[in-house]
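Take a look at the letters that make up each chain.
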Amino acid sequence: MPAPVGWTGLGQWAFVLAAFGGVVLGVWQIDRQRRGKPVSRAAILAILVSAVWGLLQAAVGPAHPAALIADVARNLAWLLVVYALFARDGRHETVSPVRPVLVVLAAVELLQLVLMVLTWRFAAIAPALAMIFQIGVMLRLLVITGALVLVHNLYAGAMTAQRAAVRWTCAALAVIWGYDLNFYTIAYLVRGMPAELVALRALAALVGIALLGVGVMREQASGRFSPSRTVAFQSLSLLVIGGYMLVMVGVAQSIAWLGGSATMLTQLGFVFASSVLVLALLPSGRLRGWLNVMLSKHFFQHRYDYRAEWLRFNATIGGAGAPSGNAAPLHTRVIQAVADITDSARGALLVPADGGELVLAARWQWPTLDVPAQALGLAGAAFFERQGFIVDLDEVRSGVDHQGEARATPAWMIAEEAIWALVPLLHFDRLVGLVVLGRPAVARKLDWEDFDLLRVVGHQLASYIAENNGQVALLEASRFDEFNRRMAFVMHDIKNLASQLGLLARNAQRHADNPEFRKDMLVTLSNSADKLNALIARLSRYGTGNVDQVAPVDAVAVARGLAARWPASAAMPAAPVVVTVHGPCTILANRETLEQVLAHLVQNAIDASPAGRAVLVEVRSDGLHGCIDVVDTGSGMSAEFVRSALFKPFVSTKPGGFGIGAFEARELVRAMRGRLDVESREGLGSRFSVRLPLAVTATLSHPHSQQDVA
């Protein structure tokens, strides 16, 4: 007699729900184990095996070989759980019959596999099949009876303190095996498995999973269910998948009940459309981002899992996971640490230059961001240092101005729609950096929790940057100390040489009557004195010598005279240095020093440019200053190199270089009350701008005022 459709449908739904509950409970237990909570691996295995068993019961029916094998595996897994609970308080050592009974029960259960083979072998003989069915039911009753006895002894023999730990597991096993005892008893009597009892067996399995879930929650000391965000997201995904499965089963069952010639076609169309929808949506990063935001907003009291954020923050700053020696620079890791909090995919870091304005120090996954040489002026830097205000650029663009951030934010940041937020890094009320965050995949409005976390992280990162700056300063001081010690020996040798030459000069007076001696000695003295004077002048050029003696200088004439030093040649028919003039430009400078600085910059530009590519020298006026730009189309420099290495003494990229050329050029320009700006992009080239006061502004400028740029 065919099974009633209603009971069959009820059984399928109940088995699917039991399987889904088992998967969720198993994943939860795995996560608790990962976090160091005491969790039974045997229980996790049994729960997951039960979930597979429920799916097979719903998919292929209880009489299918796969479902029968899953039934055997489920019973064996729960027997293993019983043994593990006995071992929890050491009774598996003191109660000697436990292990033999478990071994016998497991062996009897495995006989079901032998009966499956016999069923396949004698499938055409009805009396044989009836006898095999009866034997299988009797063996199953034997196993279930023994298992229930063990469960009773487990709970009754446990100490009072241990009963609370095993109560819910024993209750779940009593429900599962207790119903199976009645199920197989009736099956033996009626020589079959009624569909009504199969459906109720699924409900018993569902009740057992529910009891196990209650037991897991009761084991928590706090008594409060508080999963991690990862598990919550995975559980939500499982819920969506489970709901999808239930809808699929329901629709398919409804179509089957309706019948008709279009049944198969309708089922195929529904499966195809659903599959396309799932494949299109699940890989979407935007969908995952939306789910994360929705979870944080509606399922948690706080948006952030602070323990996970702190661990990730330390891993990023410490360079964990990066190969030895291949970790990103500190400033890049600072950007990444802040960007990870808000799920921003890119960012940049601005740091104070010597004059107080902010310049680009590093980028993280943002090579296309166009940052001016002076990224943030003195007024803006002073605002962030004074207020410590985290700026939401979307609010500024919409006209919101809380504390004057609209005036402090430069126009290029507001115009760049990809910039989302600005996070100042303060160390003892001193601004050491400003993190520029790019817009995340799913943008949202920053709230108080974002601001609090970003502010705390900003203070921590600022301390790291300040410590790194201190270490760099100490290293530079030690290098200068070594340089000074070496120069002391050089000056000592020069002094000795000068004394010797003076002695020779005095002796020469005694031999003045010897014309040949006098002639050779005077030539030697003259040459030596010239060399010594030139060397001493070169060593003392950082003092208050000729550099301070500034006068009006025609910048156009200096640039053209400089270009004449590199004439066209056979190797390069075109002139290697091209001068572009945008009107007259007379500046206050020391001509010799200016020529020395520009010669160094032009030579470096020629060395950096590809063969046959000219270097541009551009002369122009900019407000109260005259500018001489040296532009090349070479490989360019990274922001990290410009900030930390370009102007550092004794750091050179040239073989045999002493590493003081760029440092010397900047110091000489500063001594002339000017500044040296640098703009460079990797793969595009570099621009060095020498800015000096115009001669007409000499009477307007304070003799000690100057602006310096690193």
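**Concerning the overall build of the protein chain**
Part 1 of the reasoning: In terms of regular secondary structure, the protein chain is built from 23 helices and 12 strands.
Part 2 of the reasoning: A buried classification covers 41% of the 710 residues belonging to the protein chain.
Part 3 of the reasoning: Put simply, of all contacts in the protein chain between residues at least 6 apart along the chain, 70% involve residues at least 24 apart.
Part 4 of the reasoning: When the accessible surface of the protein chain is totalled, it reaches about 37,300 Å², and 63% of it is carbon and sulfur.

**Details of the sheet that holds strand β3 (residues 391–392)**
Part 1 of the reasoning: The five strands are arranged β2-β1-β5-β4-β3 in an open sheet whose pairing can be described as antiparallel. The two strands at the open ends of the sheet, each matched to only one other strand, are β2 (358–364) and β3.
Part 2 of the reasoning: Pairing between strand β1 (residues 347–352) and strand β5 (residues 430–438): four bridges, direction antiparallel. Residue alanine 348 lies in a different strand from β5, and its bridge partner there is valine 436.

**A word on helix α21 (residues 591–608)**
Part 1 of the reasoning: With 18 residues, α21 should reach 26 Å at 1.5 Å per residue; the first-to-last C-alpha distance of 26 Å fits that figure.
Part 2 of the reasoning: Residues of α21 that are buried include every one of Thr593, Leu594, Val597, Leu598, Ala599, Leu601, Val602 and Ala605, and no others.

**Details of the side chain of threonine 169**
Part 1 of the reasoning: Relative to the helices and strands, threonine 169 resides in helix α7 (residues 160–190).
Part 2 of the reasoning: Judged by its relative accessible area of 16%, threonine 169 is buried.
Part 3 of the reasoning: Excluding residues within four positions of it along the chain, threonine 169 makes contact with Val81, Leu85 and Leu212.

**Regarding the packing of aromatic side chains**
Part 1 of the reasoning: Tallied over the full model, the rule gives three aromatic pairs.
Part 2 of the reasoning: Aromatic side chains phenylalanine 313 and tyrosine 464 sit 6.4 Å apart centroid to centroid with 25 degrees between the ring planes, which places their arrangement in the stacked category. Of the two residues, phenylalanine 313 is situated in helix α12 (residues 306–317) and tyrosine 464 in helix α18 (residues 448–510); the sequence distance between them amounts to 151 residues.
Part 3 of the reasoning: Centre to centre, the rings of phenylalanine 383 and phenylalanine 384 are 5.2 Å apart; their planes meet at 75 degrees, and the pair counts as edge-to-face.
Part 4 of the reasoning: Among the aromatic residues, those joined into a cluster by ring pairs are Trp310, Phe313 and Tyr464.
Part 5 of the reasoning: The positively charged end of arginine 74 is found above the aromatic ring belonging to tryptophan 53, 4.0 Å away from the centroid.
Part 6 of the reasoning: It is arginine 121 that lies over the ring of phenylalanine 122; its NZ or CZ is 5.4 Å from the centre.

**A short note on the sheet that holds strand β12 (residues 685–693)**
Part 1 of the reasoning: The mixed open sheet is built from five strands, whose spatial order is β7-β9-β10-β12-β11. Edge positions in the sheet fall to β7 (577–581) and β11 (675–681), since each of these pairs with one other strand and no more. Going from strand to strand, the sheet's axes swing by 20 degrees on average, the running direction of each strand aside.
Part 2 of the reasoning: Bridge count between β11 and β12: seven bridges; the pairing is antiparallel. Looking at the pairing, arginine 681 lines up with glycine 685 of β12.
Part 3 of the reasoning: The strands that helix α20 (residues 555–563) touches are β7, β9 (615–622) and β10 (625–632); relative to β7, the one it contacts most, it runs at about 165 degrees.
Part 4 of the reasoning: α21 rests against β7, β9, β10, β11 and β12 of the sheet, and its axis sits at about 25 degrees to β10.

**A few points about the confidence of the model for the protein chain**
Part 1 of the reasoning: For the protein chain, the average pLDDT comes to 76, and 69% of its residues sit at 70 or higher.
Part 2 of the reasoning: Counting contacts from residues 241–246, a segment whose pLDDT is below 50, to residues more than four positions away or on other chains yields eight contacts.
Part 3 of the reasoning: Low confidence marks residues 260–264, where pLDDT is under 50. Its contacts with residues over four positions away, or in another chain, come to two contacts.

**Some thoughts on the pattern of salt bridges**
Part 1 of the reasoning: Throughout the structure, instances matching the rule amount to 24 salt bridges.
Part 2 of the reasoning: Arginine 691 is paired through a salt bridge with aspartate 622; the nearest N and O atoms lie 2.8 Å apart. Of this pair, arginine 691 sits in strand β12 while aspartate 622 sits in strand β9, placing them 69 residues apart in sequence.
Part 3 of the reasoning: Judged by relative accessible area, which is 33%, aspartate 622 ranks as partly exposed.

**Quick look at unusual backbone geometry**
Part 1 of the reasoning: At aspartate 343, a residue that is not glycine, the phi angle is positive and equals roughly 60 degrees.
Part 2 of the reasoning: You can see aspartate 343 is positioned in the loop between α13 (330–342) and β1.
Part 3 of the reasoning: Overall, aspartate 343 belongs to the exposed group, its relative accessible area being 53%.
Part 4 of the reasoning: For phenylalanine 428, which is not glycine, the phi dihedral falls at a positive 50 degrees.
Part 5 of the reasoning: Here phenylalanine 428 lies in the loop between β4 (419–427) and β5.
Part 6 of the reasoning: For phenylalanine 428, a relative accessible area of 76% corresponds to the exposed category.

**Considering a nonpolar patch on the surface**
Part 1 of the reasoning: On the surface, a cluster of nonpolar side chains totalling about 380 Å² of accessible area is made up of Leu111, Val114, Leu118, Phe122 and Ile125.
Part 2 of the reasoning: Relative to the elements of secondary structure, isoleucine 125 occurs in the loop between α5 (98–121) and α6 (126–156).
Part 3 of the reasoning: Looking at isoleucine 125, the relative accessible area reads 40%, which means it is partly exposed.

**Examining the nonpolar core**
Part 1 of the reasoning: Grouped together as the largest cluster of nonpolar side chains are 47 residues, with contacts concentrated most on Trp78, Val82, Trp177 and Leu212.
Part 2 of the reasoning: Among the secondary structure elements, those contributing two or more residues to this core are α1 (5–34), α2 (41–60), α3 (65–88), α5, α6, α7 and α8 (195–219).
Part 3 of the reasoning: Residues in contact with valine 82, not counting those within four places in the same chain, are Leu150, Val151, Leu173 and Trp177.
Part 4 of the reasoning: If you look at the next biggest cluster of nonpolar residues, it comprises 39 residues, including Ala599, Val602, Val617 and Ala665.

**Here's the deal with the packing of α12 against α13**
Part 1 of the reasoning: In contact at an axis separation of 9 Å, α12 and α13 are set at 160 degrees when each is read in the N-to-C sense. When the interaxial angle is binned, α12 and α13 end up roughly antiparallel. Seen along the crossing, α12 lies across α13 with a hand that is right-handed. Of the residues in α13, those in contact with Glu309, Arg312, Phe313, Thr316 and Ile317 of α12 are Arg333, Val334, Gln336, Ala337, Asp340 and Ile341.
Part 2 of the reasoning: Among the residues forming the contact of α12 with α13, the class breakdown is five nonpolar, two polar and four charged.

**Regarding the pairing of β10**
Consecutive residues of a regular strand have side chains that alternate between opposite faces of the sheet.
Part 1 of the reasoning: Of all eight residues in β10, seven are buried; the element is thus mostly enclosed.
Part 2 of the reasoning: In terms of strand pairing, β9 meets β10 through seven bridges, oriented antiparallel. From the neighbouring strand, arginine 620 faces β10, where its bridge partner is cysteine 627.
Part 3 of the reasoning: In the sheet, β10 pairs with β12 via eight bridges, with the strands oriented antiparallel. In the strand pairing of β12, valine 631 is matched with arginine 687.

**Here's the deal with the packing of α20 against α21**
Part 1 of the reasoning: Look at α20 against α21: their axes get within 10 Å of each other, and the N-to-C directions meet at 50 degrees. Viewed along their axes, α20 and α21 adopt a mutual orientation that is oblique. Between α20 and α21 the crossing geometry is right-handed. From α20, Ala557, Val558 and Leu562 reach across to α21, where they touch Arg591, Leu594, Glu595, Leu598, Ala599 and Val602.

Cut-offs used in this document
Residues numbered from 1 in each chain as written. Predicted model: local features only at pLDDT ≥ 70, side-chain atom pairs only at ≥ 80, totals over all residues. Heavy atoms only, no water. Helix = DSSP H or I, 4+ residues; strand = E, 2+ residues; numbered from the N terminus. Buried < 20%, exposed > 50% of the residue type's maximum accessible area, 1.4 Å probe, protein only. Contact = heavy atoms within 4.5 Å. Areas by Shrake-Rupley, 256 points an atom, 1.4 Å probe, with all protein chains shown as cover. Pairing = 2+ DSSP bridges. Expected span 1.5 Å × (residues − 1). Phe/Tyr/Trp six-rings, centres within 6.5 Å; stacked < 30°, edge-to-face > 60°. Lys NZ or Arg CZ within 6 Å of the ring centre and 35° of its normal. Axes fitted to C-alpha atoms, helices over the stretch in contact; angles between N-to-C directions. pLDDT = per-residue confidence, 0-100. Salt bridge = Lys/Arg side-chain N within 4 Å of Asp/Glu carboxyl O. Patch = residues over 30% accessible without salt bridge, like charges linked within 9 Å, V, L, I, M, F, W, Y side chains within 5 Å. Core = buried A, V, L, I, M, F, W, Y, C linked by side-chain atoms within 4.5 Å. Parallel < 35°, antiparallel > 145°, perpendicular 65-115°, else oblique. Left-handed = near helix turned anticlockwise from the far one by under 90°. Nonpolar A, V, L, I, M, F, W, Y, C, P; charged D, E, K, R; others polar.

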